[in-house]
Amino acid sequence: MAPRRELGPGTRRLGRVRRLVVKVGSGLVTSPGTGGDPARVEALAAEIAEVRGGREVVLVSSGAIATGAARLALGRRPRSIPETQAAAAVGQSALMWLYEMAFKRHDIAVGQVLLTAQDIADRSRYLNARNTLQALLGFQVLPIVNENDTVAVEEIKVGDNDNLSALVASLIDADLLVLLTDVDGLYTADPARTAGARKLDVVEAVTDEIARLGGEATSGISVGGMATKLAAARKAAAAGIPMVIADGRQPGVLARILRSEPVGTYFAPRDARLAARKRWIAFAVRPRGRVVVDAGALRALTRQGRSLLPSGLVAVDGQFAAGEVVAVVGEGSDREIGRGVVNFDAAELRKLRGVKTHEIEERLGYKSFDEVIHRDNLVIL
Ligand code: GLU
């Protein structure tokens with residue numbers, strides 16, 4: 001493990017950034033009532049063009065729904081799901097047109113990539129999305145990503161582009177994730193209401209205390225607010241990717257971030273970078289069920305890096321198939337300690353609660369795996 005303490009708290013550690021994901025919020029690229037704002041999109045394109053030389057950039061842009069709502073003269077955020085999806089359809093193409101024009105001036109070709117949660121949850125679709133993004137980057141194209149709001153209904157949505165951008169950063173193994181918004185980072189309290197509220201320059205870990213600073217997700221035209229940004233920071237950190245939240249209206253903000261100037265708030269990555277497959281297990285997938293484990297198993301998993309055996313299994317919640325991802329929970333607590341790919345389906349596991357390894361065959365009537373979740377398929381969060 002890297003000796004983090006020696007670097008001292010509060011140090012930005014960016015290293016060499018070759019691959020960068022930049023996410024812009026709706027508030028940054030749209031104006032109330034008129035939607036996609038050409039001047040702001042142009043300013044953003046200039047910023048990205050400036051830092052792009054020798055680097056690969058993926059842009060995650062919100063603003064489709066806001067732009068569509070303006071085009072449809074709704075005068076408000078769309079209310080029903082079909083209205084939202086219609087606004088997204090209209091707004092996405094209008095927004096892409098602005099990006100196309102703006103980046104053309106810098107001789108940068110753009111490509112639209114619309115994702116749903118399923119493209120990330122399903123392992124083969126995940127790999128496919130990754131290949132597509134790699135190919136675009138290989139062609140020196142700037143991929144512009146958004147959630148496919150026109151087809152993604154609530155149940156299959158990532159739901160906000162902060163989390164989506166963290167998933168994309170992990171997907172393509174980025175060196176840095178930058179969330180551009182209209183505030184200059186994370187504050188100790190709401191600066192608009194609290195005198196003496198202080199901006200945090202570096203956050204070493206998104207502890208529960210830090211997460212509380214995020215408050216509730218805001219409503220209005222932007223989905224996220226600080227809460228989803230901090231959730232994104234957790235994902236990025238676990239993937240080993242540093243993240244910065246900064247005010248996208250400040251001129252030169254991206255270049256300054258890349259020079260490690262103290263703009264915005266920097267979120268340190270975890271020392272140990274999870275392998276790509278483990279990142280997928282940890283974050284890309286919504287668990288299909290839960291396995292509850294006893295104290296002994298909990299220790300073995302979290303302290304000793306062991307596999308989960310049937311003997312430590314206390315309860316099984318939900319319906320799932322072998323090969324799916326489930327959450328692991330300690331007995332008597334609701335806290336998820338990890339996630340893993342199970343070797344058995346839910347019905348089989350119910351028969352295996354508390355069973356010794358040598359009794360598995362007898363219980364099931366056939367020979368199968370020794371482990372409920374092998375340690376190679378288990379991520380402790
Ligand atoms: N995908 C949404 C849009 O383009 C925005 C989601 C978000 O703001 O996080 O309008």
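Here the structure is a predicted model, which means the values were calculated and not measured.

Basis of the calculations
- Residues numbered from 1 in each chain as written.
- Predicted model: local features only at pLDDT ≥ 70, side-chain atom pairs only at ≥ 80, totals over all residues.
- Heavy atoms only, no water.
- Helix = DSSP H or I, 4+ residues; strand = E, 2+ residues; numbered from the N terminus.
- Rg over C-alpha atoms; globule rule 2.2 N^0.38 Å.
- Contact = heavy atoms within 4.5 Å.
- Pairing = 2+ DSSP bridges.
- Axes fitted to C-alpha atoms, helices over the stretch in contact; angles between N-to-C directions.
- Near = heavy atom within 4 Å.
- Polar contact = N/O pair within 3.5 Å; in protein donor to acceptor, adjacent residues only side chain to side chain.
- Areas by Shrake-Rupley, 256 points an atom, 1.4 Å probe, with all protein chains shown as cover.
- Nonpolar A, V, L, I, M, F, W, Y, C, P; charged D, E, K, R; others polar.
- Buried < 20%, exposed > 50% of the residue type's maximum accessible area, 1.4 Å probe, protein only.
- Lys, Arg positive; Asp, Glu negative; His and termini not counted.
- Salt bridge = Lys/Arg side-chain N within 4 Å of Asp/Glu carboxyl O.
- Phe/Tyr/Trp six-rings, centres within 6.5 Å; stacked < 30°, edge-to-face > 60°.
- Lys NZ or Arg CZ within 6 Å of the ring centre and 35° of its normal.

1. Comments concerning the overall build of the protein chain
- A tally of regular secondary structure across the protein chain gives 15 helices and 15 strands.
- On C-alpha atoms alone, the protein chain measures out to a radius of gyration of 22 Å, which is about the 21 Å that the 2.2 N^0.38 rule sets for 381 residues.
- Taking the principal axes of the C-alpha coordinates as reference, the protein chain spans close to 70 × 50 × 45 Å.
- Put simply, 72% of the contacts in the protein chain that link residues at least 6 apart link residues at least 24 apart.

2. Here's the deal with the sheet that holds strand β9 (residues 243–247)
- Spatially, eight strands are ordered β5-β6-β4-β1-β7-β9-β10-β8 in an open sheet, and the strand pairing comes out mixed. On the outer flanks of this sheet lie β5 (110–115) and β8 (202–203), each paired with one strand and no other.
- By the bridge criterion, two bridges tie strand β4 (residues 56–61) to strand β6 (residues 142–147) in an arrangement that is parallel. Bridge pairing in β6 links L59 to I144.
- Each of β1 (19–24), β4, β6 and β7 (176–181) is contacted by helix α3 (residues 38–52), which is oriented at about 160° to β4, the strand it contacts most.
- Against the sheet, helix α5 (residues 81–104) contacts β1, β4, β5 and β6, and its axis sits at roughly 150° relative to β5.

3. Side note on the site of the ligand
- Neighbouring residues of the ligand: ten residues in total, closest A64, I65, N146, D149 and N161.
- I65 places a polar main-chain atom, nitrogen or oxygen, 2.8 Å from an oxygen atom of the ligand.
- Separating an oxygen atom of the ligand from a side-chain N or O atom of N146 is a distance of 2.8 Å.
- Contact with the protein chains hides 96% of the accessible area of the ligand, taken as 290 Å² for the molecule alone.
- Looking at the shell around the ligand residue by residue, the class counts come to three nonpolar, five polar and two charged.

4. Some points on the sheet that holds strand β15 (residues 378–380)
- On the basis of which strands lie adjacent, the open sheet formed by five strands has the order β12-β11-β13-β14-β15 and mixed pairing. Either end of the sheet is taken by a strand with one partner, and the two such strands are β12 (313–317) and β15. In this sheet, neighbouring strand axes are inclined to one another by 25° on average, regardless of whether the strands run parallel or antiparallel.
- Where strand β11 (residues 290–293) meets β12, four bridges bridge the pair, whose relative direction is antiparallel. Bridged to V291 within β12 is V316.

5. Thoughts on the pairing of β7
- With six of six residues buried, β7 lies mostly within the body of the structure.
- With burial as the criterion, each face of β7 is covered, one bearing L176, V178 and L180 and the other bearing L177, L179 and T181.
- Here five bridges tie β1 to β7, and the two strands are oriented parallel to one another. When the bridges of β7 are listed, V24 appears paired with L180.
- As judged from the five bridges shared by β7 and β9, these two strands associate in the parallel manner. Across the sheet, T181 pairs through a bridge with D247, a residue of β9.

6. Thoughts on the side chain of K235
- Relative to the helices and strands, K235 resides in helix α10 (residues 226–238).
- The buried charged residue K235 lacks any salt bridge partner; its closest oppositely charged side chain belongs to D160, at an N-O distance of 7.0 Å.
- Reaching out from K235, the side chain makes a polar contact with the side chain of N163 at a distance of 2.8 Å.
- In contact with K235, other than residues within four places in its own chain, are N163, A166, L167 and F283.

7. Remarks on unusual backbone geometry
- Its identity is not glycine, yet A73 carries a phi of approximately 50°, on the positive side.
- On the secondary structure map, A73 appears in the loop between α4 (64–71) and α5.
- Given the relative accessible area of 67%, A73 is considered exposed.
- At D173, a position not held by glycine, the phi torsion is positive, near 60°.

8. A closer look at helix α8 (residues 161–171)
- Judged by how many residues are buried, α8 sits mostly within the fold: eleven of eleven residues are covered.
- The set of residues buried in α8 consists of N161, D162, N163, L164, S165, A166, L167, V168, A169, S170 and L171.
- Following α8 by one or two positions, D173 has its phi on the positive side, about 60°.

9. What about the packing of aromatic side chains?
- One pass over the full model with this rule turns up three aromatic pairs.
- For the ring pair Y126 and W280, a centre distance of 6.4 Å and an interplane angle of 55° mean the geometry is tilted. Of this pair, Y126 sits in helix α7 (residues 123–138) while W280 sits in helix α12 (residues 276–284), and the two are 154 residues apart along the sequence. Considered together, Y126 and W280 belong to a single accessibility category, that of buried residues.
- For R123, the ring lying beneath its charged end belongs to W280, and the centroid distance is 5.2 Å.

Read these as geometric descriptors, not functional statements.
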